[in-house]
Amino acid sequence: MMRTNGDMTVAGWMGAVFLLLSLLSVGTAQAQDLEDFWDDPFKDLQADVEAAREEGKAGVFVFFEMDECPFCHRMKTQVFTDPEIQEYIKENLVTVSIDIEGDVVMTAPDGEEMKEKDFAFKKYRVRATPVMIFFDKEGEPVVRYTGPTQTRKEFMQLMEFFVSGAYSEPGMNFFKYKKQ
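Quick caveat, the model's predicted, so the values are computed rather than measured.

About the thresholds
- Residues numbered from 1 in each chain as written.
- Predicted model: local features only at pLDDT ≥ 70, side-chain atom pairs only at ≥ 80, totals over all residues.
- Heavy atoms only, no water.
- Helix = DSSP H or I, 4+ residues; strand = E, 2+ residues; numbered from the N terminus.
- Buried < 20%, exposed > 50% of the residue type's maximum accessible area, 1.4 Å probe, protein only.
- Phe/Tyr/Trp six-rings, centres within 6.5 Å; stacked < 30°, edge-to-face > 60°.
- Core = buried A, V, L, I, M, F, W, Y, C linked by side-chain atoms within 4.5 Å.
- Contact = heavy atoms within 4.5 Å.

## Considerations on unusual backbone geometry
Residue P130 is reached from T129 by a cis peptide bond, and omega for that bond is -5°. For P130, the location among the structural elements is in the loop between α5 (116–124) and β7 (131–135). One non-glycine residue with positive phi stands out, namely K43, at about 55°. Looking at the element boundaries, K43 is found in the loop between α1 (10–35) and α2 (45–54). Despite not being glycine, R125 has its phi angle at roughly 50°, a positive value. With respect to the secondary-structure elements, R125 resides in the loop between α5 and β7. Classification of R125 by relative accessible area gives exposed; the value is 57%.

Listed below in structure tokens is the structure:
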């Protein structure tokens, strides 16, 4: 005879607990996957641009986000956790995350110090998230993408568009690049 607790059997409760623990461990694994994804917890973009130059990388990838953004969450859990993307980004870019509501004082590529929210809104007019901006080795913003990419493949194409320098070709934009 199976014991019950209300409407659910003991086996049902144990299954529910196992499922919850499994989901928590997946979330923890994804968080660990991103633990080393962001290169600069101090948000010194001037130093990041210099590091990209010294390390022979294409530039700096800045991810503007906010906590409540479901699209930011999707990018962080479904795109940035992809091992191929992580490898490509580590080889080619310095990465920084900016909280568009953040009060942390950071350094812009030009050396100006300001709060994250002022850098996002006043300097780059970021009002919705996510926004991804790629800065070249001179600290200039050269590629901007608003919203989440549709797939991992599209994000990889976006990085390749920047890293290859295709953005600098006359009349070229990311949407034309994708069609090629």
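Structure shown, so let's carry the discussion forward.
## Notes on the packing of aromatic side chains
Two aromatic rings are characterised by how far apart their centres lie and by the angle between their planes. A complete count under the given rule lists 20 aromatic pairs for this structure. For the pair F61 and F134, a centre-to-centre distance of 5.1 Å together with 45° between the ring planes defines the contact as tilted. With F61 in strand β3 (residues 59–65) and F134 in strand β7, the pair connects residues that are 73 residues apart, well separated along the chain. Assessed through its relative accessible area of 0%, F61 is described here as buried.

## Things to note about the nonpolar core
One finds F61, F155 and M159 to be the most contacted residues of the largest nonpolar core, which totals 27 residues. Those elements that place two or more of their residues in this core are β3, α3 (70–79), α4 (83–92), β7, β8 (141–146), α6 (152–163) and α7 (174–179). A total of 6 residues in this core trace back to one element, the largest contributor, which is α6. With residues up to four places along the chain from it excluded, the contact list for M159 reads I85, Y88, I89, L93 and F134. Judged by nonpolar contacts, the second largest core, of 20 residues, contains L45, V49, V96 and V126.

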